[in-house]
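# Survey of secondary and tertiary structure
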Amino acid sequence: MKPGAPGGRKRFILIALALALALTLVAGLLFGRPVVHWFKRWRALQLTEASIQALNANDLATAETKANAAYQLWPFDASVQRQVARVMDLKNPRQAELIWSSTYKLSHDNEDLRHWIDAEVVNENIPGAVEEYNHLTQLDANNPQTWLTGARVLLADNEWPEALDILQKLLDSGQAPDDAILLYVQAAKLSQDPAVRLKGLDLLHKLSTRSDLLGLRALRALAGYPYPGETPEDVTKIADQLQNHPLATRDDKLAALTLRGMLPGANDDNLIQSARDLFPPGDSQALVDVGRWLINQNKNADVLKLIDADTALTRRDLFLVRLDALAGTGNWQAVEDVLNAKNLPIPEELRLLFLARTESELGHSDHADLAWDKVLAYVGDNPAKLRDVADYAMKLRLDDIARPALLKLTQNADTTQRRTAFEQLVNLERRAHHTQALHDVLADMQRIFINDPIVANDLLYTGFLLGDATPDKIAEAQKLSDHPPIMLSYKVTLALGYLTAHNPAAAEKVFSDLPSKIDWPTTYNAWRAVEVGVLRANGHLPDANTLAKTIDSADLLPEEHELLSYPVPDAKL
């Protein structure tokens, strides 16, 4: 058959199609995966850019949706992870810390490392922040942003004099980022030097005239700045600026109303009406915000008028605001009646929690005990429900309820949940003045957080209080104390170790060797108690008595309280 014949042409076409199909399959095998990956990354970057635009427009919901979609498509790009972390900074700070960590390990960008450290500070993960900051100083020590990060870390760890020194140098250098000014003000508020506090206040007033976010943040700080010399005219001016700032939120406008309510002759009815004016019809979130503001102003009856019983059943947060207001009126029987109704918009564990509290308030002790037992039995080992129980019980100072919930959380595999629970147990046992129980919690905590210097220091501190000051323990405290940066908490522990080991001269030298004088009245009561013990042991009785008068002894553990009467050497009496 000739090639040009119909049958030949048909055979030729079939052969060509087969070859084309074969080539397509080969190309797909060779290049298909890279093409798919390229498309996924391209689409992920598009979604990331859309998320950035939404975040800039304060549309957090859209920003989160776009960022998560980008991450699902292509999590291997630092810019994708970075945007997810930015969203989580606002949405879920604990998740943000993990994502900033991952972003830095992907990018090795110092700015990502700074964000990671900031997230650790927000989550009160101070040991992690200190460790990463030490790493940052090795990479970028001369950058003003690095100095600012260091000041944040020190301030978060209550080392505010050192933070103030760094910030002062930063301001003097002329290279201070805008955030440094607000951080300086935060540190200055803790100073006992009136000139330092006034300087911080003056800086705030200068910033408050700006129309940008920094100006708004300055106004927010001014609204909460404790300065007794402010006149009613000063307060009115701050309230006006805050209310009329172009970036002011509803919370800012409510804060301005709070300031006005502090003025002599303030009209409560006018303030309440102004607050209600901030609630557009149909805006449930505005109703929640205004309701909470009214509760803070002790206007519980107005909340009950603003949020009626039927409206409260439509949303969890509205229900909780009305319930808080009802409790604020002291009508606990009405609260119990509400909680015993059906179809409430809150989880069962919260209903049981509130019901147990109500039984306690009504004086039904037997019923209350059973109700609390029912709460713990209901939540079981569920971390989220245990967290609700622990937080609520801690808020009400119901230690016997909080303790078992927190103990269960310390056994949870989630490191963040576990650490938070341990820290709350530490606070609980200190508040209860149970030194041995506090030491035992710290010992359990160290078995999990083996390389955490803060936990190690706290464990040494409580051990010294209990009399365990062996040479090995003191050597361990010395090693922590010598590790940069200088941490007053570590110095206090070392001094206590020497004092417990009956070496008062070495204890005194720990503090005298520091590069700058300690402003003791601004430190924790417990630290001042240690210094009183050191002063007394070295015969400096007048200084010890003066410092002891600044201490709230109710804040001290029994062994810390004993330091206030530490024996004075006979020769120095």
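The rules behind each value
Residues numbered from 1 in each chain as written. Predicted model: local features only at pLDDT ≥ 70, side-chain atom pairs only at ≥ 80, totals over all residues. Heavy atoms only, no water. Helix = DSSP H or I, 4+ residues; strand = E, 2+ residues; numbered from the N terminus. Buried < 20%, exposed > 50% of the residue type's maximum accessible area, 1.4 Å probe, protein only. Contact = heavy atoms within 4.5 Å. Areas by Shrake-Rupley, 256 points an atom, 1.4 Å probe, with all protein chains shown as cover. Lys, Arg positive; Asp, Glu negative; His and termini not counted. Charge placed at Lys NZ, Arg CZ, Asp CG, Glu CD. pLDDT = per-residue confidence, 0-100. Arc of directions from axis to C-beta. Axes fitted to C-alpha atoms, helices over the stretch in contact; angles between N-to-C directions. Parallel < 35°, antiparallel > 145°, perpendicular 65-115°, else oblique. Left-handed = near helix turned anticlockwise from the far one by under 90°. Nonpolar A, V, L, I, M, F, W, Y, C, P; charged D, E, K, R; others polar. Core = buried A, V, L, I, M, F, W, Y, C linked by side-chain atoms within 4.5 Å. Phe/Tyr/Trp six-rings, centres within 6.5 Å; stacked < 30°, edge-to-face > 60°. Lys NZ or Arg CZ within 6 Å of the ring centre and 35° of its normal. Salt bridge = Lys/Arg side-chain N within 4 Å of Asp/Glu carboxyl O. Patch = residues over 30% accessible without salt bridge, like charges linked within 9 Å, V, L, I, M, F, W, Y side chains within 5 Å.

Scanning the protein chain from terminus to terminus reveals 32 helices and zero strands. Principal-axis analysis of the C-alpha atoms places the extent of the protein chain at approximately 130 × 60 × 55 Å. For the protein chain, the proportion of its 573 residues judged to be buried stands at 44%. By sequence separation, contacts in the protein chain at least 24 residues apart represent 53% of the contacts at least 6 residues apart. Just so you have it, the protein chain exposes about 29800 Å², and 54% of that area is on carbon and sulfur atoms. With 59 positive and 77 negative side-chain charges, the protein chain shows a separation of 9 Å between the mean positions of the two kinds.

So, about the confidence of the model for the protein chain. Summarising the model, the protein chain shows a mean pLDDT of 83, and 91% of its residues fall at 70 or more. Within the protein chain, the element-level pLDDT minimum falls on helix α1 (residues 6-56), averaging 68, and the maximum on helix α32 (residues 558-563), averaging 95.

Take helix α29 (residues 504-512) next. Taken together, the buried positions of α29 are occupied by Ala-506, Ala-507, Val-510 and Phe-511. The buried residues of α29 occupy one face: seen down the axis, they fall within an arc of 140°. Looking at the buried residues of α29, the elements they touch are α28 (488-500) and α30 (525-537).

Turning next to the packing of α28 against α29. Two elements in contact, α28 and α29, have axes separated by 7 Å at closest approach and are oriented at 170°. With respect to each other, α28 and α29 are oriented roughly antiparallel. When the axes of α28 and α29 are compared, the crossing they make is left-handed. Across the interface between the two elements, Leu-488, Lys-491, Val-492, Leu-494, Ala-495, Tyr-498 and Leu-499 of α28 pack against Pro-504, Ala-506, Ala-507, Val-510 and Phe-511 of α29. Of the residues that constitute the contact of α28 with α29, the class distribution is eleven nonpolar, no polar and one charged.

Once that is clear, we can look at the nonpolar core. Formed by 160 residues in total, the largest nonpolar core has its most connected members in Leu-167, Ile-307, Val-389, Leu-406, Val-492 and Phe-511. When sequence neighbours within four positions are dropped, the list of residues in contact with Ile-307 reads Leu-287, Ala-312, Leu-318, Val-321 and Arg-322. Within the second largest apolar cluster, five residues are counted, among which are Ala-44, Leu-47, Ala-70 and Trp-74.

Further remarks concern the packing of aromatic side chains. Per the counting criterion, the structure on display carries five aromatic pairs. Relative to Trp-527, the ring of Tyr-524 lies with its centre 4.9 Å away and its plane at 90°, an arrangement referred to as edge-to-face. For Arg-419, the ring lying beneath its charged end belongs to Phe-449, and the centroid distance is 5.1 Å.

Contact geometry of helix α15 (residues 284-296) with helix α18 (residues 316-328) gives a least axis separation of 10 Å together with a crossing angle of 20°. As far as their axial angle goes, α18 and α15 are roughly parallel. As α15 packs across α18, the resulting crossing turns out to be left-handed. Taken together, the residues of α18 that come into contact with α15 (itself represented by Ser-284, Gln-285, Leu-287, Val-288, Gly-291, Arg-292 and Ile-295) are Asp-317, Leu-318, Val-321, Asp-324 and Ala-325.

Moving on, we get to the pattern of salt bridges. Taken as a whole and judged by the stated rule, the model has 22 salt bridges. The partner of Asp-452 in a salt bridge is Arg-419, with the nearest N and O atoms 2.6 Å apart. Placement of Asp-452 in the loop between α25 (435-448) and α26 (453-465) and of Arg-419 in helix α24 (residues 415-431) is noted, with a sequence separation of 33 residues between them. In this structure, Asp-452 and Arg-419 share a single accessibility class: buried. A salt bridge links Asp-444 to Arg-447; the nearest nitrogen and oxygen atoms lie 2.1 Å apart. Taken as a pair, Asp-444 and Arg-447 lie in helix α25 at a separation of three residues, close to a single helical turn. Residue class for Arg-447 comes out exposed when judged on its relative accessible area of 58%. Salt bridges sharing common partners tie together Glu-111, Arg-114 and Asp-140.

Time to look at a nonpolar patch on the surface. Judged by side-chain polarity, Trp-38, Phe-39 and Trp-42 come together as a nonpolar surface patch covering roughly 380 Å² of accessible area. Within the secondary structure, Phe-39 sits in helix α1. For Phe-39, a relative accessible area of 46% corresponds to the partly exposed category.

With that settled, consider the environment of Thr-236. As for its placement among the helices and strands, Thr-236 is situated in helix α12 (residues 232-244). Take Thr-236: its relative accessible area is 27%, and that puts it in the partly exposed class. In the structure, Thr-236 is positioned 252 residues away from Leu-488 in sequence and 40 Å away in space, judged by C-alpha atoms. Discounting chain neighbours no more than four positions away, the residues touching Thr-236 are Arg-260 and Leu-263.

Before going further, it helps to examine the side chain of Asn-525. You can see Asn-525 is positioned in helix α30. Asn-525 gets classed as buried once you look at its relative accessible area, which sits at 13%. Apart from residues no more than four positions distant in its own chain, Asn-525 is found in contact with Thr-550, Ile-551, Asp-552, Asp-555 and Leu-556.

Turning our eyes to something else, we now look at unusual backbone geometry. We note that Asn-343 has phi near 60°; this positive angle belongs to a residue other than glycine. Position of Asn-343 relative to the elements: it lies in the loop between α19 (332-339) and α20 (348-361). Look at Asn-343 and you get exposed, because its relative accessible area is 73%.

All right, on to the environment of Ile-486 then. Its location among the elements puts Ile-486 in the loop between α27 (471-482) and α28. Given the relative accessible area of 38%, Ile-486 is considered partly exposed. On a C-alpha basis, the gap between Ile-486 and Ala-368 in space is 49 Å, while along the polypeptide they are 118 residues apart. In contact with Ile-486, not counting residues within four places along its chain, are Lys-491, Leu-514 and Pro-515.

Okay, the side chain of Glu-359 next. With respect to the helices and strands, the residue Glu-359 is situated in helix α20. With no salt bridge to any partner, buried Glu-359 finds its closest opposite charge in Lys-374, at an N-O distance of 8.6 Å. When residues no more than four places from it in sequence are discounted, the contact partners of Glu-359 are Glu-336, His-364, His-367 and Ala-368.

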